[in-house]
Amino acid sequence: MTDTVLRLADVATVSTPIGPFTTIVDADGAVLAAGWTGDATTLTGLIHTTLRPARLRQRDSLGATTKAVIDYHAGDLTAIDAIPVRQQSGEFLLHAWEVLRKVPAGEPVTYTEFAGLSGRPAATRAAANACARNSAALFVPCHRVLRIGGALGGFRWGLEAKAWLLAHEG
């Protein structure tokens, strides 16, 4: 592939019950960034510089990825599971994001439990950082991580969105 192909990404936005949801995918169809916003520029800034596209091509649909977003919000909570994601960071964050993809819908974990699942039980702050630095919201479901005692904690897309997602999955 040429650098031009690698630096071009497709973007599509769909309506959801909690607002517009935008997804950016690379030439292979892997999700680079996603979230509850209609502003693709906001998402582009979340993508690691080694993966960040130089240009975005607006699409009405991203095929299976857009269908998964729609189906998830309509009640098929596993629709997002098979969609490929591409993020870049250090070894721990990459592993933690893979672990997050295995947290089942309706079974949220605490940041402490997430740290343990990620292989570093004492690294609660690092686990929280993995959630905060996740660029592929929904597909890497950081909304499934809560504070001890069940408090929502933080969420880039707002606590109302996080509460909706958890209720939707419950």
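All values reported here derive from a predicted model rather than from experimental measurement.

## Describing helix H4 (residues 91–100)
And then number 1: Along H4, the positions that sit buried rather than exposed are Phe-92, Leu-93, Ala-96, Trp-97, Val-99 and Leu-100. Considered in projection along H4, the buried side chains sweep an arc of 155° and stay on one side of the axis.
And then number 2: Buried residues in H4 make contact with helix H5 (111–117), helix H6 (124–132) and strand E6 (145–146).

## Regarding the side chain of Arg-144
And then number 1: As for its placement among the helices and strands, Arg-144 is situated in the loop between H6 and E6.
And then number 2: Classification of Arg-144 as buried rests on a relative accessible area of 2%.
And then number 3: Of the polar contacts made by the side chain of Arg-144, one reaches the side chain of Glu-169; its length is 2.9 Å.
And then number 4: The residues touching Arg-144, leaving out its near neighbours within four places in the chain, are Tyr-72, Leu-77, Ile-80, Val-103, Pro-104, Ala-105, Pro-108, Val-109, Leu-166 and Glu-169.

## Structural notes on the side chain of Asp-26
And then number 1: Mapped onto the elements of the fold, Asp-26 is located in the loop between strand E2 (19–25) and strand E3 (31–35).
And then number 2: For Asp-26, the side chain forms a polar contact with the main-chain nitrogen of Asp-28, separated by 2.9 Å.
And then number 3: Among all residues touching Asp-26, those that are not within four sequence positions of it are Leu-32 and Arg-86.

## Notes on the pairing of E3
And then number 1: For E3, a buried count of five out of five residues is recorded, marking the element as mostly surrounded by other parts of the structure.
And then number 2: Note that E2 and E3 share four bridges and pair antiparallel. When the bridges of E3 are listed, Thr-22 appears paired with Gly-35.
And then number 3: Hairpin connection of E2 to E3: five residues between the antiparallel strands, including Gly-29 at a positive phi of 90°.

Conventions adopted
- What you see as residue numbers is a count from 1 along each chain, following the sequence as written.
- Given that this is a predicted model, residues contribute local features only at a pLDDT of at least 70 and side-chain atom pairs are listed and counted only at 80 or more, while totals for whole chains, interfaces and linings are drawn from all residues.
- For side-chain calculations, the full set of non-hydrogen atoms in the structure is used, while hydrogens and water are omitted.
- We call a residue buried when its accessible area falls under 20% of the maximum for its residue type, exposed when it is over 50%, and partly exposed in between, using a 1.4 Å probe and counting protein chains only.
- Helix and strand assignments come from DSSP, with helices taken as H or I runs of at least 4 residues and strands as E runs of at least 2, each series counted from the N terminus.
- This arc is built from the directions going out from the helix axis to the C-beta atoms.
- Two residues qualify as a contact provided that any one of their heavy atoms is within 4.5 Å of a heavy atom in the partner residue.
- Counted as a polar contact is a pair of N or O atoms within 3.5 Å, where, for protein atoms, one must be capable of donating a hydrogen and the other of accepting one, and residues adjacent in sequence contribute only when both atoms are in side chains.
- One bridge is not enough; two strands pair if DSSP finds at least two bridges between them.

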